Amino acid sequence: MSPLQTPSQTVGPFFKPALIRSGDESLVTPKSRGERIAIEGRVLDGDAAGVSDAMIELWQANADGRYDHPDDSQEKLLDLDFHGFGRAATDERGRFSFCTIKPGAAPGAGIALQAPHINVSIFARGLLKRLTTRIYFPDEPLNATDAVLNSVAPERRSTLVARIEKPAVLRFDIVLQGENETVFFDV
Amino acid sequence: MNPPLGYRRETPGAHPPYDRPSYTSTHKRAPRHAPVRLEHTLSEITGPRFAHETLAPGDDDMTHFNGGEAMGERIIVTGRVLDEDGRTIPNTMIEIWQANAAGRYAHVEDRHEAPLDPHFAGVGRVITDQRGAYRFMTVKPGAYPWRNHHNAWRPNHIHFSLFGPSFATRLITQMYFPGDPLLPLDPIYNSVPDRSARERLIATFDIEVTIPEYALGYRFDFVLRGRDSTPTLS
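Report follows, based on the coordinates. (Residues numbered from 1 in each chain as written. Chains lettered and ligands numbered in written order. Predicted model: local features only at pLDDT ≥ 70, side-chain atom pairs only at ≥ 80, totals over all residues.)

### Examining the overall build of chain B
For step 1, the next point in the chain: When its secondary structure is counted, chain B shows two helices and 16 strands.
For step 2, the next point in the chain: Computed over the C-alpha atoms, the radius of gyration of chain B is 19 Å, within 12% of the 17 Å expected from 2.2 N^0.38 for a compact globule of 234 residues.
For step 3, the next point in the chain: The dimensions of chain B, computed from C-alpha atoms along their principal axes, are 55 × 40 × 30 Å.
For step 4, the next point in the chain: Considering chain B as a whole, with its 234 residues, one finds that 45% of them fall into the buried category.
For step 5, the next point in the chain: Residue pairs at least 24 apart in sequence account for 73% of intrachain contacts in chain B once pairs closer than 6 positions are excluded. (Helix = DSSP H or I, 4+ residues; strand = E, 2+ residues; numbered from the N terminus. Rg over C-alpha atoms; globule rule 2.2 N^0.38 Å. Buried ≥ 20, exposed ≤ 12 C-beta atoms within 10 Å, placed from the backbone. Contact = placed C-beta atoms within 7 Å.)

And the structure:
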């Protein structure tokens, strides 16, 4: 008999000493290629209160749109100073921030490129399994043809696109529930 | 280039829903919209990898900390990380955390009036070997009250975080102990709809895993999602 999936359980409120290490919120070194950006946001619950015990993880391609993984066989350069994974906990007001680069476009269906995006996992007390979403970039021409963005109801698509807060700082709030609830994906 | 294979989806009944009325913390945190199904692309079939360099000496022994030995019943936990096709998953990181033997976490937010143990941090980390196997030593965590409802107690459990080979295979879960009388009362354990799936979260006591005169032993395998049989979009 084939083995069967191990069920998910909540991360609970006490994960920080085990999972959060200072520096994991920065995906870059001084030598990483690409345009430096900060991503800042808050995780908000159904009362619009900050979620103070959430963990956010990012997974993204490098500046050329290549993932640092053996299943990405694109003939694009790897970046030895960029691996594409970051992790941060929210603070007492539900805030998080990351330092990274804007990823290049990676292939999607067929020959079409996906718009540049960052894959996001959200864990928290009260989430019995992970939530996943994507961060897209404003003023990005490929957004118009991105298959994933286009699979989302038009009135909810804006929840997936970061806002420019100031130069090189993007704002991306994650609303778990209620008005302007972020679009989450079944991956 | 052959299109890479995606990963299988969640097995129905094997994972909790987001909305679980008996678990109070879900009330304001469970999304109201159903998640949008996303076909797997390179973004989902790739994922972070962690090398043995991320381990520190002693990460697989939680029974010694800060120059002394933790209080409690020493246990070995060992097993394998597999996928649904029974393939072992080597070189994958497992992060571990738990309460001490008295049921208290070394965490500023844990205010349960049970003693902290200066020699137990409750944090570990291992990477599976070439056969997908892992092993670590710890003390059996205590049960603790958690105020979800009147007289609510969490059963003894250890938390685990795994990545597997891709973004799609990421898993955070909890391992429980056989015969725990709190299991039938626990909203988190019982959030898994399928009974046989829930029971997969319970470790097996194994006398062969014990160290005579020193530690008891439990086996626990993790099964992550397997590859899909049809190519993904790429």
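### A closer look at the overall build of chain A
For step 1, the next point in the chain: Regarding its fold elements, chain A presents two helices and 10 strands.
For step 2, the next point in the chain: Ordering the α and β elements of chain A from the N terminus gives α-β-β-β-β-β-β-α-β-β-β-β.
For step 3, the next point in the chain: Looking at chain A as a whole, 47% of its 187 residues are labelled buried.
For step 4, the next point in the chain: Summarising the internal contacts of chain A: among those between residues at least 6 apart in sequence, 70% fall at separations of at least 24.

### What about the interface of chain A and chain B?
For step 1, the next point in the chain: Contacts between chain A and chain B engage 57 residues on the former and 63 residues on the latter.
For step 2, the next point in the chain: If you list the elements that add at least two residues to the side of chain A that touches chain B, you get α1 (16–19), β5 (117–124) and β10 (185–186) of chain A.
For step 3, the next point in the chain: Of the residues belonging to the side of chain A that touches chain B, the class tally is 28 nonpolar, 19 polar and 10 charged.
For step 4, the next point in the chain: In this sheet, strand β2 (residues 36–37) of chain B lies alongside β10 of chain A in parallel orientation, the contact comprising two bridges. Bridge assignment links F185 of chain A to a residue of β2 of chain B, and that residue is V36 of chain B. (Nonpolar A, V, L, I, M, F, W, Y, C, P; charged D, E, K, R; others polar. Pairing = 2+ DSSP bridges.)

### Topic: the nonpolar core
For step 1, the next point in the chain: Formed by 94 residues in total, the largest nonpolar core has its most connected members in V43, A54, I122 and F123 of chain A together with L162 of chain B.
For step 2, the next point in the chain: Setting aside its immediate chain neighbours within four residues, A54 of chain A contacts V43, T90, I122, F123 and A124 of chain A. (Core = buried A, V, L, I, M, F, W, Y, C linked by C-beta atoms within 7 Å.)

### Comments concerning the environment of W97 of chain B
For step 1, the next point in the chain: Looking at where W97 of chain B falls in the secondary structure, it is placed in strand β6 (residues 93–97).
For step 2, the next point in the chain: Look at W97 of chain B and you get buried, because 26 C-beta atoms sit within 10 Å.
For step 3, the next point in the chain: Sequence spacing of W97 of chain B and L38 of chain B is 59 residues, and the spatial spacing of their C-alpha atoms is 31 Å.
For step 4, the next point in the chain: When neighbours within four sequence positions are excluded, W97 of chain B is seen to be in contact with F14, F15, P17 and A18 of chain A together with G122, V123 and H159 of chain B.

### Digging into the sheet that holds β6 of chain B
Residues and elements named next belong to chain B.
For step 1, the next point in the chain: Pairing is antiparallel in the open sheet, where four strands are placed in the order β7-β6-β11-β12. Two strands lie at the open edges of the sheet, namely β7 (123–127) and β12 (171–176), each paired on one side alone. Recorded for the sheet is a direction-independent mean angle of 25 degrees between the axes of neighbouring strands.
For step 2, the next point in the chain: Pairing analysis gives four bridges linking β6 to strand β11 (residues 157–162), with the strands arranged antiparallel. Across the sheet, residue E95 finds its bridge partner in β11, namely S161. (Axes fitted to C-alpha atoms, helices over the stretch in contact; angles between N-to-C directions.)

### Quick word on the pairing of β11 of chain B
Residues and elements named next belong to chain B.
For step 1, the next point in the chain: The buried fraction of β11 is high, at six of six residues.
For step 2, the next point in the chain: The pairing of β11 with β12 spans six bridges and is classified as antiparallel. Residue pairing across strands places S161 opposite I172, the latter belonging to β12.

### So, the environment of P187 of chain B
For step 1, the next point in the chain: Within the secondary structure layout, P187 of chain B lies in the loop between β12 and α2 (195–199).
For step 2, the next point in the chain: Residues P187 of chain B and P21 of chain B lie 166 residues apart in sequence; the distance between their C-alpha atoms is 9.0 Å.

### Let's talk about unusual backbone geometry
For step 1, the next point in the chain: At D139 of chain A, a position not held by glycine, the phi torsion is positive, near 55 degrees.
For step 2, the next point in the chain: Here D139 of chain A lies in the loop between β6 (131–136) and α2 (147–150).
For step 3, the next point in the chain: Even without glycine at this site, E213 of chain B takes up a positive phi of about 65 degrees.
For step 4, the next point in the chain: Mapped onto the elements, E213 of chain B comes out in the loop between β13 (204–205) and β14 (216–219).

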